[in-house]
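Chain and residue survey
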Amino acid sequence: GDNLTPLNLILIQSGSRVQGYGSLKENNTEMPVTAIGSVSGNAISLEVSLIKDGSSNKIDKMHKLELVESNGSNESNGALSGTYETYLTDKLAGRGKAIATKS
């Protein structure tokens, strides 16, 4: 089935820039992340990075999300959908669909 990886972000928008922080749940482990990106019209680009805990064995992992607001209809409730790419030390390691909702 679909493996959903919950990502919770608090984002602050300033003009076309957006940044924030949150948590990513992988294999039942919640990990802190930071997010930075930009907004253009109804699209948002985000780079979500794991916060390193100082230990040298942490993998350098980053998720790039490209999201577009779903047809601005009222029932979409600010939902966004698009794609994500996962990078491990700057190498593409996976990609898939991404869905986001504004709380």
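Below is a summary of the structure that appears in this document. (Residues numbered from 1 in each chain as written. Predicted model: local features only at pLDDT ≥ 70, side-chain atom pairs only at ≥ 80, totals over all residues. Heavy atoms only, no water.)

So, the overall build of the protein chain
Looking only at helices and strands, one finds zero helices and seven strands in the protein chain. Scanning the protein chain from its N terminus toward the C terminus, one meets helices and strands in the order β-β-β-β-β-β-β. Here the contacts in the protein chain between residues at least 6 apart in sequence split such that 21% fall between residues at least 24 apart. Surface accessibility of the protein chain: about 7300 Å² in total, with carbon and sulfur atoms responsible for 48%. (Helix = DSSP H or I, 4+ residues; strand = E, 2+ residues; numbered from the N terminus. Contact = heavy atoms within 4.5 Å. Areas by Shrake-Rupley, 256 points an atom, 1.4 Å probe, with all protein chains shown as cover.)

Here's the deal with the pairing of strand E1 (residues 7-14)
Direction of pairing for E1 relative to strand E2 (residues 17-26): antiparallel, over a ladder of eight bridges. Within the sheet, the bridge partner assigned to asparagine 8 lies in E2 and is serine 23. (Pairing = 2+ DSSP bridges.)

Topic: the side chain of lysine 61
Looking at where lysine 61 falls in the secondary structure, it is placed in strand E5 (residues 61-69). Judged by relative accessible area, lysine 61 falls into the buried class, the value being 17%. Here glutamate 26 takes part through its side chain, which lies 3.1 Å from a polar atom of the side chain of lysine 61. Leaving out residues up to four positions away in the same chain, lysine 61 has contacts with Glu26, Val48, Ser49, Leu50, Thr86, Tyr87 and Leu88. (Buried < 20%, exposed > 50% of the residue type's maximum accessible area, 1.4 Å probe, protein only. Polar contact = N/O pair within 3.5 Å; in protein donor to acceptor, adjacent residues only side chain to side chain.)

Comments concerning a nonpolar patch on the surface
On the surface, a cluster of nonpolar side chains totalling about 320 Å² of accessible area is made up of Ile10, Ile12 and Tyr21. Summarising the element assignment, tyrosine 21 is placed in strand E2. (Patch = residues over 30% accessible without salt bridge, like charges linked within 9 Å, V, L, I, M, F, W, Y side chains within 5 Å. Salt bridge = Lys/Arg side-chain N within 4 Å of Asp/Glu carboxyl O.)

Focus on the environment of alanine 35
Along the polypeptide, alanine 35 turns up in strand E3 (residues 29-40). Aside from chain neighbours lying at most four places away, what touches alanine 35 is Leu9, Leu11, Val18, Gln19, Gly20, Leu46, Glu47 and Val48.

A few points about the layout of surface pockets
The volume enclosed by the largest pocket comes to roughly 1200 Å³. If you go around the largest pocket, you meet 35 residues; those closest to its centre are Leu7, Leu65, Leu67, Ile99 and Ala100. Looking at the lining of the largest pocket, the elements with two or more residues in it are E1, E2, strand E4 (43-50), E5, strand E6 (80-88) and strand E7 (91-100). Looking at the lining of the largest pocket residue by residue, the classes come out as 20 nonpolar, ten polar and five charged. (1 Å grid on protein atoms, 1.4 Å probe; cavity = no way out; pocket = protein on both sides within 12 Å on 5 of 7 lines; lining within 4 Å. Points joined across faces, edges and corners; volume = space filled by probe spheres on them. Nonpolar A, V, L, I, M, F, W, Y, C, P; charged D, E, K, R; others polar.)

Let's talk about the nonpolar core
Val33, Ile44, Leu46, Val48, Leu50, Leu65 and Leu67 are the most contacted members of the largest nonpolar core, which has 13 residues in total. Secondary structure elements with two or more residues in this core: E2, E3, E4 and E5. Per element, the largest residue contribution to this core is four residues, and it comes from E4. Excluding its chain neighbours within four sequence positions, the residues that come into contact with valine 48 are Leu7, Leu9, Val33, Thr34, Ala35, Lys61, Met62, His63 and Leu65. (Core = buried A, V, L, I, M, F, W, Y, C linked by side-chain atoms within 4.5 Å.)

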